[in-house]
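Here is what each chain is made of, one letter per residue.
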Amino acid sequence: PSVTSGDVNLATGLNIQVNSADPKRAFYIPASAMTSATTNGAARGTIETATNKIIVPVFDFDTTTQEFVAIAIPSPHFWDASTITVQFIWTAASGTGGVTWAAQGIAFSDDDALDTAYGTEQVIADTLITALDDHHTSFTPAITIAGTPVAGDLVCLRFKRVPADAGDTLGVDARLIGIKLRFTVAQYDDQ
């Protein structure tokens, strides 16, 4: 392998590839940054652990009614405007069984109508291992963002539990702590 010392100059629109592929980046979105839907919104809650008083904001998703939370964020200019994947970070106060989560999104450019349908959701299931432990799902299959995404667009993402799914067997609220959003980088600089 070659080694370079000093500054490496790279044009703004170019990217550094790893093994001939654009790299992926991820960022975390906590439940505290999300908004509950007006119609069938998940209930905002807080976990405070008994001994060490660890405080974690959450959204509580019901076992029978499908509930939603969402977030609207500007996409980074270095995003390649392709598919994304989502990892759910969650817990439950008690119980045993599985939870099925879903995510979907839409992108808006200047002067696009906001009342537009989300893209097709992708689901991911996970099993409660131990109550009040931190649980991380695998990443979802690739989620296609509806609209015609362009880097820098406003991206609206919606998350839900899918209680009607056969794999959703946890008989108590699933408590969403946050999500990790993974996307592909098209250029090195965010301009």
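For the structure, check the block above.
**Structural notes on the sheet that holds strand β8 (residues 122-127)**
Moving on, step 1. If you trace the five strands from one edge of the open sheet to the other, you get β2-β5-β10-β7-β8, paired in antiparallel fashion. The strands lining the two open edges of the sheet, one partner per strand, are β2 (35-36) and β8.
Moving on, step 2. For strand β7 (residues 98-108) and strand β10 (residues 154-161), the ladder comprises eight bridges, and the chain directions are antiparallel. By the bridge assignment, A102 is partnered in β10 with K160.

**Structural notes on the environment of I106**
Moving on, step 1. Note that I106 resides in strand β7.
Moving on, step 2. For the pair I106 and R158, spaced 52 residues apart in sequence, the C-alpha to C-alpha distance is 9.0 Å.
Moving on, step 3. The contacts of I106, once residues within four sequence positions are left out, are T116, A117, Y118, I145, A146, G147, L154, V155 and C156.

**Focus on the nonpolar core**
Moving on, step 1. If you look at the biggest cluster of nonpolar residues, it comprises 34 residues, and the most contacted ones within it are I84, V86, F88, W101, L157, F159 and I179.
Moving on, step 2. Mapped by element, the contributors of at least two residues to this core are β4 (55-61), β5 (68-74), β6 (79-91), β7, β10 and β11 (174-185).
Moving on, step 3. Sorting elements by how many residues they give to this core places β11 first, with six residues.
Moving on, step 4. Those residues within four positions of W101 in sequence are excluded, and the remaining contacts are F61, F88, W90, Q122, V123, I124, T137, K160, R161, V162, A174 and L176.

**Quick notes on the side chain of D126**
Moving on, step 1. Inspection of the secondary structure puts D126 in strand β8.
Moving on, step 2. Buried within the structure, D126 lacks any salt-bridge partner; R161 is the closest side chain of opposite charge, at an N-O distance of 12 Å.
Moving on, step 3. A distance of 2.9 Å separates a polar atom in the side chain of D126 from a polar atom in the side chain of W90.
Moving on, step 4. In this structure, D126 is in contact with W90, G97, G98, V99, H135, H136 and T137, ignoring residues within four places of it in sequence.

**Things to note about the pairing of β6**
Moving on, step 1. Pairing between β6 and β11: nine bridges, direction antiparallel. Bridge pairing links T91 to R175 in β11.
Moving on, step 2. Where β6 lies against strand β9 (residues 135-136), two bridges are found, and the strand directions are antiparallel. Note on β9: the bridge partner recorded for I89 is H136.

**What about the side chain of T140?**
Moving on, step 1. For T140, the position within the fold is in the loop between β9 and β10.
Moving on, step 2. If we skip the residues at most four places from it in the chain, T140 touches T85, V86, F88, Q122 and I124.

About the cut-offs
- Residues numbered from 1 in each chain as written.
- Predicted model: local features only at pLDDT ≥ 70, side-chain atom pairs only at ≥ 80, totals over all residues.
- Heavy atoms only, no water.
- Pairing = 2+ DSSP bridges.
- Helix = DSSP H or I, 4+ residues; strand = E, 2+ residues; numbered from the N terminus.
- Contact = heavy atoms within 4.5 Å.
- Core = buried A, V, L, I, M, F, W, Y, C linked by side-chain atoms within 4.5 Å.
- Buried < 20%, exposed > 50% of the residue type's maximum accessible area, 1.4 Å probe, protein only.
- Lys, Arg positive; Asp, Glu negative; His and termini not counted.
- Salt bridge = Lys/Arg side-chain N within 4 Å of Asp/Glu carboxyl O.
- Polar contact = N/O pair within 3.5 Å; in protein donor to acceptor, adjacent residues only side chain to side chain.

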